[in-house]
Amino acid sequence: MLFSQSGVTAAIERSQLNATLLAIDEINAAGGVNGRPIEPVMHDPASNPKRYAELGEALIDRDGVRVIFGCYMSSTRKALLPVVEARNGLLFYSTLYEGFEYSPRCIYSGAAPNQNALPLLKYLLEAHGNRFLLVGSNYVFPYESNRVMSDLVVSAKGRVLNEIYIPLEPGEKDFERFVREVRKHEPDVIFSTVVGAGTAQLYQAYREAGFDPARMPIASLTTSEAEIAQMEPGDAEGHITSAPFFESLTTSSARSFVSAFKLKYGHSAPVAASAEAAYFQVHLFARALASADTDAPEALLDALKGSEYDAPQGRVKIEPENNHTYLWPKIGRVGADGAFEIVWAPPVGIKPDPYFLSPSIDDWSSLAFESRRA
Ligand code: ACM
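These numbers were taken from a predicted model, which means no experiment stands behind them. All residue numbers refer to positions counted from 1 along the written sequence of the respective chain. With pLDDT at 70 or above as the cut-off, local features in this predicted model cover only qualifying residues; side-chain atom pairs require 80 or more to be listed or tallied, and sums for whole chains, interfaces and linings still use all residues. Heavy atoms throughout the structure, all of them, feed into the side-chain values; hydrogens and water do not.

## What to know about helix α10 (residues 273–292)
Each full turn of the α-helix corresponds to 3.6 residues, which orients residues three or four apart in the same direction.
Part 1 of the reasoning: Helix and strand assignments follow DSSP, with helices taken as H or I runs no shorter than four residues and strands as E runs no shorter than two, numbered in order from the N terminus. The span you would expect from a helix comes to 1.5 Å times its residue count less one. The end-to-end C-alpha distance of α10 is 28 Å, a good match for the 28 Å that 20 residues give at a rise of 1.5 Å each.
Part 2 of the reasoning: Counting buried positions along α10 yields 16 of 20 residues, so the element is predominantly enclosed.
Part 3 of the reasoning: A positive phi of about 55 degrees marks Asp293, the residue just after α10. Partly exposed residues are those whose accessible area sits between 20% and 50% of the maximum for their type, while under 20% is buried and over 50% is exposed, using a 1.4 Å probe and protein chains only.

Take a look at the structure:
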């Protein structure tokens with residue numbers, strides 16, 4: 001396991017780490033896999049891409065690990081994957097990302113842009129308007145996500161007013177520029193791909209500038225329960241996130257996952273969508289391990305492709321064509337209590353389409369997953 005417990009994305013990666021360990025506990029409590037317990041081997045890559053690569057090497061070459069669970073920032077996945085590929089290992093990646101990638105040595109359980117950015121845009125065009133300001137952290141996921149979002153906005157006859165980046169470890173000056181840009185353009189929507197610790201500063205700067213989320217929300221793919229837990233109360237209220245899972249979901253499968261998580265980690269431990277993916281991917285792995293009866297990645301991949309699991313968000317399935325996962329998009333708006341209220345949830349699971357081969361914003365049918373909602 002390579003989840004950062006220090007550095008800018010420590011909060012969200014701790015949520016992913018917790019969820020991974022919860023799934024392992026459940027599997028071991030039920031007798032392990034074919035009679036043997038799963039043993040986690042963990043290192044802290046400190047939100048640093050180079051450390052992911054070094055520790056990936058150490059896990060495989062020194063610790064005898066063949067399957068790695070980890071990474072949040074795409075920069076860390078891109079640093080680790082060549083190490084995993086060169087050693088014929090397997091990476092389970094449980095974070096939403098920018099798409100346009102396929103590794104035969106990676107299972108992608110977080111959302112691709114057609115499963116989070118596209119439904120978000122559909123919602124925003126109806127509810128808020130089509131003039132967008134884009135703000136992101138200064139690395140590959142925001143650049144690529146903004147490229148995808150810009151294409152989608154333009155194809156919907158909307159306008160991208162500007163695209164700005166702030167450092168991963170921002171200072172106050174960076175948010176002054178953000179506020180100036182918002183005042184200058186008065187967009188309908190601010191699309192944020194800011195990640196990690198700077199997220200709290202972004203929402204604080206927005207509120208202190210006196211902007212109104214009802215008129216001009218920040219809409220994000222990465223502002224989850226873990227980032228909101230780092231904010232002052234009220235800073236996230238009225239803002240919007242698109243994700244396949246929210247801690248506040250009321251289905252019985254979501255409730256039992258959240259209850260088990262809180263029982264183990266405490267009531268205030270946040271349960272983010274990236275944690276839910278971290279949780280269900282371990283269960284998918286354990287089933288594949290049981291049926292393959294070996295941790296040889298080739299055998300695991302054969303068992304994983306096309307496999308399904310009743311995840312907390314609903315039934316998920318690994319698409320054999322691209323190793324990404326069918327997921328259930330949702331749009332949440334943060335309420336006064338800091339929890340997400342679901343404002344839109346299409347009644348279908350969506351096929352992962354990481355290369356946007358089916359780009360139509362209005363046609364969901366070709367990508368719908370027939371299986372049932374949980
Ligand atoms: C990300 O960097 N994939 C959030």
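So that's the structure; there's more coming.
## Brief notes about the packing of aromatic side chains
Part 1 of the reasoning: For this analysis, a ring pair means two rings from Phe, Tyr or Trp (six-membered ring only for Trp) whose centres lie within 6.5 Å, classed as stacked if their planes differ by under 30 degrees, edge-to-face if by over 60, and tilted for the remaining angles. The tally for this structure, following the rule as stated, stands at 15 aromatic pairs.
Part 2 of the reasoning: When the ring of Phe69 is compared with that of Phe92, the centres are 4.8 Å apart and the planes differ by 15 degrees; the resulting orientation is stacked. With Phe69 in strand β1 (residues 67–69) and Phe92 in strand β2 (residues 90–93), the pair connects residues that are 23 residues apart, well separated along the chain. Of the two residues examined, Phe69 and Phe92, each falls in the buried class.
Part 3 of the reasoning: With a centroid separation of 5.3 Å and 70 degrees between ring planes, the pair formed by Tyr206 and Phe211 is classed as edge-to-face. The residues Tyr206 and Phe211 share a single accessibility class, namely buried.
Part 4 of the reasoning: Grouping aromatic residues by their ring pairs yields a cluster made of Phe245, Phe257, Phe261, Tyr265 and Tyr279.
Part 5 of the reasoning: Sitting over the face of the ring of Phe100, Arg147 holds its NZ or CZ atom 4.8 Å from the ring centroid. Think of it as a cone above the ring: NZ of Lys or CZ of Arg counts as a charge over the ring if it is within 6 Å of the ring centre and within 35 degrees of the ring normal.

## A short note on empty space enclosed by the protein
Where empty space is left can be seen by rolling a probe of water-molecule size over the atoms.
Part 1 of the reasoning: In this analysis, the protein atoms alone were mapped onto a 1 Å grid. Cavities are point sets where a 1.4 Å probe fits without being able to get out; pockets are open sets with protein on both sides within 12 Å along at least five of seven lines; lining residues have an atom within 4 Å of a point. Grid points are joined across faces, edges and corners, and a volume is the space filled by probe spheres set on the points. Inspection of every chain in the model, using the stated rule, returns 4 cavities of 30 Å³ or more.
Part 2 of the reasoning: Approximately 80 Å³ is the volume found for the largest cavity.
Part 3 of the reasoning: Looking at the largest cavity, it is lined by 16 residues, and the ones nearest its centre are Leu96, Gly110, Ala111, Pro244 and Ala273.
Part 4 of the reasoning: Ten residues, namely Ala, Val, Leu, Ile, Met, Phe, Trp, Tyr, Cys and Pro, are considered nonpolar, four, namely Asp, Glu, Lys and Arg, are considered charged, and the remaining ones, Gly among them, are considered polar. Here the lining of the largest cavity is composed, by residue class, of 8 nonpolar, 7 polar and 1 charged.

## Topic: the nonpolar core
Part 1 of the reasoning: What we call a nonpolar core is a set of buried Ala, Val, Leu, Ile, Met, Phe, Trp, Tyr and Cys residues that are connected through their side-chain atoms within 4.5 Å. Ranked by internal contacts, the top residues of the largest apolar core, which has 100 residues, are Leu120, Phe178, Phe280 and Leu304.
Part 2 of the reasoning: Here this core gets 12 residues from one element, more than from any other, and that element is α10.
Part 3 of the reasoning: Throughout, a contact is declared for two residues whenever any of their heavy atoms are within 4.5 Å. Setting aside its immediate chain neighbours within four residues, Leu120 contacts Met149, Phe191, Ala219, Ser220, Leu221, Ile240, Ser242 and Ile331.
Part 4 of the reasoning: The next biggest cluster of nonpolar side chains, apart from the first, holds 16 residues, and it includes Leu55, Cys71, Cys106 and Tyr108.

## Points about the packing of helix α1 (residues 10–29) against helix α9 (residues 252–265)
Part 1 of the reasoning: Relative to each other, α1 and α9 sit at 100 degrees, their axes nearing to 10 Å. Classed by the angle they form, the pair α1 and α9 counts as roughly perpendicular. Here Ser15, Asn18, Ala19, Leu21, Leu22, Asp25 and Glu26 of α1 lie close against α9, whose contacting residues are Phe257, Ala260, Phe261, Lys264 and Tyr265.
Part 2 of the reasoning: Looking at the contact of α1 with α9 residue by residue, the classes come out as 7 nonpolar, 2 polar and 3 charged. Helix axes are fitted only over the stretch in contact, all axes being lines through C-alpha atoms; the angle between N-to-C directions runs from 0 to 180 degrees. Throughout, the term roughly parallel applies to angles under 35 degrees, roughly antiparallel to angles over 145, roughly perpendicular to angles from 65 to 115, and oblique to all others.

## Considering the sheet that holds strand β11 (residues 325–326)
Part 1 of the reasoning: By definition, two strands form a pair when at least two bridges between them are found by DSSP. Sheet architecture is open: 3 strands sit in the order β9-β10-β11, paired in antiparallel fashion. The sheet is open, and its two edges are formed by β9 (308–311) and β11, each paired on a single side.
Part 2 of the reasoning: Pairing between strand β10 (residues 314–318) and β11: 2 bridges, direction antiparallel. Its bridge partner being in β11, Ile318 is matched across the sheet by Thr325.
Part 3 of the reasoning: Packed on one face of the sheet, α10 meets β9, β10 and β11 and runs near 140 degrees to β9.

## Quick look at the sheet that holds β2
Note: strands within a sheet are paired through backbone hydrogen bonds, in either parallel or antiparallel orientation.
Part 1 of the reasoning: Taken in spatial order, the 3 strands of this open sheet run β1-β2-β3, and their pairing is parallel. Here the strands that pair on one side only, and so sit at the sheet edges, are β1 and β3 (106–108). Strand-to-strand, the axes of this sheet are offset by a mean angle of 15 degrees, without reference to chain direction.

## So, the pairing of strand β4 (residues 131–137)
Part 1 of the reasoning: Burial analysis of β4 places 6 of its 7 residues in the buried class, the great majority of the element.
Part 2 of the reasoning: Bridge count between β4 and strand β5 (residues 159–166): 7 bridges; the pairing is parallel. If you follow Gly136 over to β5, its bridge partner there is Tyr165.
Part 3 of the reasoning: Pairing of β4 with strand β6 (residues 189–193) involves 5 bridges; the strand directions are parallel. Residue pairing for β6: Phe132 is matched across the bridge by Val189.

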